[in-house]
Amino acid sequence: MHVFISYARRDQAPIAALRADFERFGNRVWYDRESHGGPDWWDDVLGHVRGCVVFAFALSPDSLRSKACLAELDYAKDLRRPILPVLVRPVDRGDIPDGLQVPVDYVNRTEESVIRLRKALSALPAARALPARLPQEPEIPTSYLNAYLARIDAPKLDDREQIELLGQLRERMVLADERADVWDLLVRLRDRPELNRGVADTVEEILAPGWQPDPRENFEARYWDGQSWTTLVWQNGKEFNDRNTPPRLHQHLPSSTGPVPVVEPEPEPSRRQPQRIKHKLRRPRGTRQKLIALGVGTAVLVAGGVTAGVVLLGGGPDEVSATRMARNFVDAVNTRDKNAMEQYVCDSDREKNAHLYTAFLDAANVTLESVDVSGSDPRFTVLATRTVGATSVRLRIPLVDENGAWKVCDISRALSGR
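A quick note: this is a predicted structure, and the numbers were derived from the prediction, not measured.

1. Topic: the nonpolar core
Stage number 1. Within the largest apolar cluster, 29 residues are counted, with the highest numbers of intra-cluster contacts made by M325, F329, F360, F380, V382, I397 and V408.
Stage number 2. Those elements that provide at least two residues to this core are helix 9 (317-334), helix 10 (338-342), helix 12 (354-363), strand 10 (364-372), strand 11 (379-386), strand 12 (392-402), strand 13 (405-408) and helix 13 (411-415).
Stage number 3. Ranked by the residues each element gives to this core, the list is headed by helix 9, at seven residues.
Stage number 4. Grouped together as the second largest cluster of nonpolar side chains are 24 residues, L73, Y75, A76 and L87 included.

Below you can see the structure in the form of structure tokens.
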């Protein structure tokens, strides 16, 4: 079964879990991961709408304002696709488009909501054959962002254009209603191989993992993992997962069920603000140097506050490779893409620890927090939250240089707290 998910950019965090749930039900899922594309992008989107047998519409205030989402929904109706509305953020009942069934409430994901999602999916009528005469395709949604995207994707982007484009995007980023979209454009700009050193370093600094003003404006801050917005938020001096209620205070490692464990915050939390987490980078070592295994103690509990420093960036492309690899590994886990994940796992682990990676892939959503390859025990740190339940724990995942490329290796050390 091919499920198409239509969603707004600001809802990326719950969409990763929604996609994972659909795939666990045995479905093939497609959702648009581009920023805003142009004719080729829009043709690809519409082609997937035509090819789906279920059209899942992620309801939120932003999707109901999105020209692209609403155009996709209308096209799916014209094509007689079965439509499954899923509520990912609260909306007024009167704002829900006419003709949609009662949405599945997925705002606070629980075992019960996952069961309801599966039942609603099973209850949908079978997809009918496409009309003999296809309806007229909706026009590509116009947006000022298309102009920026065209410049970012231009065949040539010289130094002057890079500097000018970066300056304009930074100006628009301060606008709350545009921040999330501009963030996507900066991610796309980061991938241009010919960026000059100054522009590349500035973009990396902006997009480095850390706390940022919540683009949804529901909380004081939201954690950006270097590639996407996460469900980790900050409010009233506390850090917690926005899909669960604010955490109660615990002092023990998490069990298989229960609330997110936290540590008592420091006095006067209202005066403390989340800061970016220190981000260390260094060049990968030569392939003949071996990883020295050093004990690291037990896993760290989710803290009520974040001790932090200034984001440190520097060096050439080799120094950024560990961070890029960590981002890609985290993204593969969150999208349940086993083939992609295996690209970033060392050869020995693919053989002896394959079962651990499979379990990790099925059991957790992860947030990249920091990368540290400066010492003899290089690792990156993630916040792992169970896909069902409310417990979270920080894991420090070992890295090794294999044939000149950073790879995840000996994940059993991270899972056992060593």
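2. Some remarks on unusual backbone geometry
Stage number 1. Of note, R80 is a non-glycine position whose phi angle comes to about 65 degrees, a positive value.
Stage number 2. Relative to the elements of secondary structure, R80 occurs in the loop between helix 3 (67-78) and strand 4 (83-87).
Stage number 3. The class for R80 is partly exposed, based on a relative accessible area of 33%.
Stage number 4. The phi angle at N403 is positive, at roughly 55 degrees, despite the residue not being glycine.
Stage number 5. Topologically, N403 is positioned in the loop between strand 12 and strand 13.
Stage number 6. The exposed category is assigned to N403, whose relative accessible area is 68%.

3. Examining the packing of helix 2 (residues 39-51) against helix 3
Stage number 1. Running from N to C, helix 2 and helix 3 point in directions that differ by 35 degrees, and their axes come no closer than 10 Å. You can see that helix 2 and helix 3 cross each other, and the crossing is right-handed. In contact with W42, V45, L46, V49 and R50 of helix 2, helix 3 contributes A68, A71, E72, Y75 and A76.
Stage number 2. The residue inventory of the contact of helix 2 with helix 3, partitioned by class, reads eight nonpolar, no polar and two charged.

4. Regarding the pattern of salt bridges
Stage number 1. Tallying each qualifying case throughout the model produces 18 salt bridges.
Stage number 2. Between E164 and R160 there is a salt bridge, with the nearest N and O atoms lying 3.9 Å from each other. Here E164 pairs with R160, and both are found in helix 6 (residues 159-173), just four residues apart, close to one helical turn.
Stage number 3. The class for E164 is partly exposed, based on a relative accessible area of 37%.
Stage number 4. Ionic pairing is found between R379 and D377, a salt bridge with its closest N-O pair at 3.1 Å. D377 matches R379 in its accessibility class, with the two residues each being buried.
Stage number 5. Connected through salt bridges with shared partners, the residues D11, D62, R65 and R89 form a single ionic network.

Procedures and definitions
Residues numbered from 1 in each chain as written. Predicted model: local features only at pLDDT ≥ 70, side-chain atom pairs only at ≥ 80, totals over all residues. Heavy atoms only, no water. Core = buried A, V, L, I, M, F, W, Y, C linked by side-chain atoms within 4.5 Å. Buried < 20%, exposed > 50% of the residue type's maximum accessible area, 1.4 Å probe, protein only. Helix = DSSP H or I, 4+ residues; strand = E, 2+ residues; numbered from the N terminus. Axes fitted to C-alpha atoms, helices over the stretch in contact; angles between N-to-C directions. Left-handed = near helix turned anticlockwise from the far one by under 90°. Contact = heavy atoms within 4.5 Å. Nonpolar A, V, L, I, M, F, W, Y, C, P; charged D, E, K, R; others polar. Salt bridge = Lys/Arg side-chain N within 4 Å of Asp/Glu carboxyl O.

That is the geometry; function is a separate question.
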